[in-house]
Amino acid sequence: MYSSRALRVVRWGRHTCHCLDAAAQLHTKQFAPKKALILTKFSRYEFEKKRHGNIPEAELEKRLKERGSDYNMLLYHHYLHKGCENTVVQALRNQNIDTKVVTRFDYKSDVIEESDIVFTMGGDGTFLLGATRILHPNKPIVGINSDPTRSEGHLLLPKRYSVNIKEAVQRLLAGKFRWLFRKRIRMTLIGQDVYKPPVELHNQQLLNPEYRYLDMDWSNASLPTSYMESSTMVEPRGITYAKQARVLPVLALNEVFIAECLSARVSYYEMSIDGGPQFKQKSSGLCVSTGTGSTSWTYNINKLTPQVVSQLMNALKHETGLELDSKDEALVGRVTDRVNQVLIFGPEENRMCYTIRDPVMSAPRSAAEKRPRGLARRLEVRSRCFDANLVVDGGLSFPFNDGTVAILDIHDDDALRTVVLDD
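About the thresholds
Numbers given to residues run from 1 along each chain, matching the order in which its sequence is written. Since the coordinates come from a predicted model, pLDDT governs what is reported: local features require at least 70, and pairs of side-chain atoms require 80 or more to be given and counted, while whole-chain, interface and lining totals use all residues. Only hydrogens and water are set aside when side-chain values are computed; all heavy atoms of the structure are taken into account. Aromatic pairs are defined between Phe, Tyr and Trp rings, using the six-membered ring for Trp, whenever the two ring centres lie within 6.5 Å; interplanar angles under 30 degrees are classed as stacked, those over 60 as edge-to-face, and all others as tilted. Working definition: helices are DSSP H or I runs of at least four residues, strands are E runs of at least two. Numbering for both runs from the N terminus. A simple rule labels every residue: compare its accessible area, found with a 1.4 Å probe on the protein chains alone, to the largest value its type can have, and call it buried under 20%, exposed over 50%, or partly exposed in between. Residues enter patches when their relative accessible area tops 30% and they take part in no salt bridge; the joining distance is 9 Å for like charges and 5 Å for the nonpolar side chains Val, Leu, Ile, Met, Phe, Trp and Tyr. All accessibility values rest on the Shrake-Rupley procedure with a 1.4 Å probe; residue burial counts only the protein chains present in the view. A pairing counts as a salt bridge when a side-chain nitrogen of Lys or Arg comes within 4 Å of a carboxyl oxygen of Asp or Glu. The charge count treats Lys and Arg as positive and Asp and Glu as negative. His and the chain ends do not count. Every charge is mapped to an atom, namely NZ of Lys, CZ of Arg, CG of Asp or CD of Glu. Every angle, taken between N-to-C directions, lies between 0 and 180 degrees, and every axis is a line fitted to C-alpha atoms, over only the stretch in contact when it is a helix. We call two directions roughly parallel when the angle between them is under 35 degrees, roughly antiparallel when it is over 145, roughly perpendicular when it lies between 65 and 115, and oblique otherwise. Only heavy atoms matter for contacts: two residues are in contact if any of them lie within 4.5 Å across the pair. Residues are grouped as follows: Ala, Val, Leu, Ile, Met, Phe, Trp, Tyr, Cys and Pro are nonpolar; Asp, Glu, Lys and Arg are charged; all remaining types, including Gly, are polar.

A. Molecular detail of the packing of aromatic side chains. Overall, the coordinates contain three aromatic pairs when judged by the stated rule. Taking 5.1 Å as the distance between ring centres and 90 degrees as the angle between the ring planes, the aromatic pair formed by Phe-42 and Phe-105 counts as edge-to-face. Placement of the pair is Phe-42 in the loop between β3 (35-40) and α1 (44-51) and Phe-105 in the loop between β4 (98-102) and α4 (109-113), with a sequence separation of 63 residues. Under the relative-accessibility criterion, Phe-42 is labelled buried at 9%.

Okay, structure coming up:
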């Protein structure tokens, strides 16, 4: 089960070792973890308990009902999640694997470093949180959907393993899986306020209380020194100033979004694609995704609906005289799917998809500006915004205002080692 791709350098801390790419980096038959870390979702019920100061259960039920929330349903899904969590713990311990369970409040670098594998229990949000702290490609992460009735879990094991935990663990230990190295976006900020702590957006997302909690000193946090050493850092053209440069201590698995905080305000920035000429742009924001994120927000920003496709078919019929039946729902559906399929690319591909969302075009533009969506290996963005943020995977929001420059690129060193356990 070796990859056919060539030998390449993978950095670990300050040391460099040569190892085979993909599955060959850690042969599945030799995969025998001794210590497992389980990052478990902070359930909505637990969130409400903490939010209300651990008041008596009867009082909590009363307050939730007064607010229109279904207390019994919160409790039901909490116990469903905990039951799945307990099953995973027992399955791992039955295999003599030392297993530790933590919530987002205790998910820190030290417990991650001392584990051989990280499991996440919850949905895609918990998986993204788990991935955020794993900064090297030799630490596997496996997501288990603890409540498949409420979550699709696109980044997790197939749903059937949620009720077949023992089988999933046995297949992992037997090497009956393949590695998938999901590329991530590295972000370098250059400016005066690049060490300001980010806003943790989970505080504003009551419906997703497990979404991204990082307990760290953001004023000094950064990626390891080796990341700075291996980064192809280039000062953007035309910018001369004594400002700080900082490689952010997180990596984007899905996407990076840059825009003014107030969505009604136009975002203004300058942009360069793969070292090309800079151009000015106004829009409702810039979204940059990985192959993993190409099926998520980026897809929904760019996809065509059957309604739009039907209108395009009518226009083509009028302009060309072709017999196109825009009322044939099956035909419209097939055309829609075919067009939208080009938006998706593989999670292991070493490139990003950028989308200039709702571009404002008031004059003739360059070739780059006429293509609001495209693929790139490196992007440079200089903010001309008033109150903007750079948001990582929808969970962490870094200030990104006038004069600050963001360099977005993908490095092999930053790949996330995940597992594909087929149905």
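B. Expanded view of a negative patch on the surface. A cluster of like negative charges, contributed by Asp-98, Asp-110, Glu-113 and Glu-114, occupies part of the molecular surface. Note on placement: Asp-110 falls in helix α4.

C. Just the pattern of salt bridges, in detail. The tally for this structure, following the rule as stated, stands at 18 salt bridges. Between Lys-183 and Asp-412 there is a salt bridge, with the nearest N and O atoms lying 3.3 Å from each other. With Lys-183 in the loop between β7 (178-182) and β8 (185-191) and Asp-412 in the loop between β20 (405-410) and β21 (416-420), this residue pair connects regions lying 229 residues apart in the sequence. We classify Lys-183 as buried; its relative accessible area is 3%. Taking the relative accessible area as the measure of exposure, Asp-412 reaches 24% and is therefore partly exposed. As a salt-bridge pair, Glu-270 and Arg-382 come within 2.4 Å of each other at their nearest N and O atoms. Within this pair, whereas Glu-270 is found in strand β12 (residues 267-273), its partner Arg-382 is found in strand β17 (residues 378-383), the two being separated by 112 residues in sequence. Residue classification places Glu-270 among the buried residues on the basis of a relative accessible area of 9%. Members of the salt-bridge network, linked through shared partners, are Arg-44, Glu-48, Arg-51 and Arg-67.

D. Main features of the packing of α1 against helix α3 (residues 71-94). Where α1 meets α3, the closest approach of the two axes is 8 Å, and the angle between their N-to-C directions is 120 degrees. One finds that α1 runs oblique with respect to α3. Between α1 and α3, the contacting residues are Arg-44, Tyr-45, Glu-46 and Glu-48 on the first element and Tyr-71, Leu-74, Leu-75, His-78 and Lys-82 on the second. Among the residues making up the contact of α1 with α3, the classes are represented as four nonpolar, one polar and four charged.

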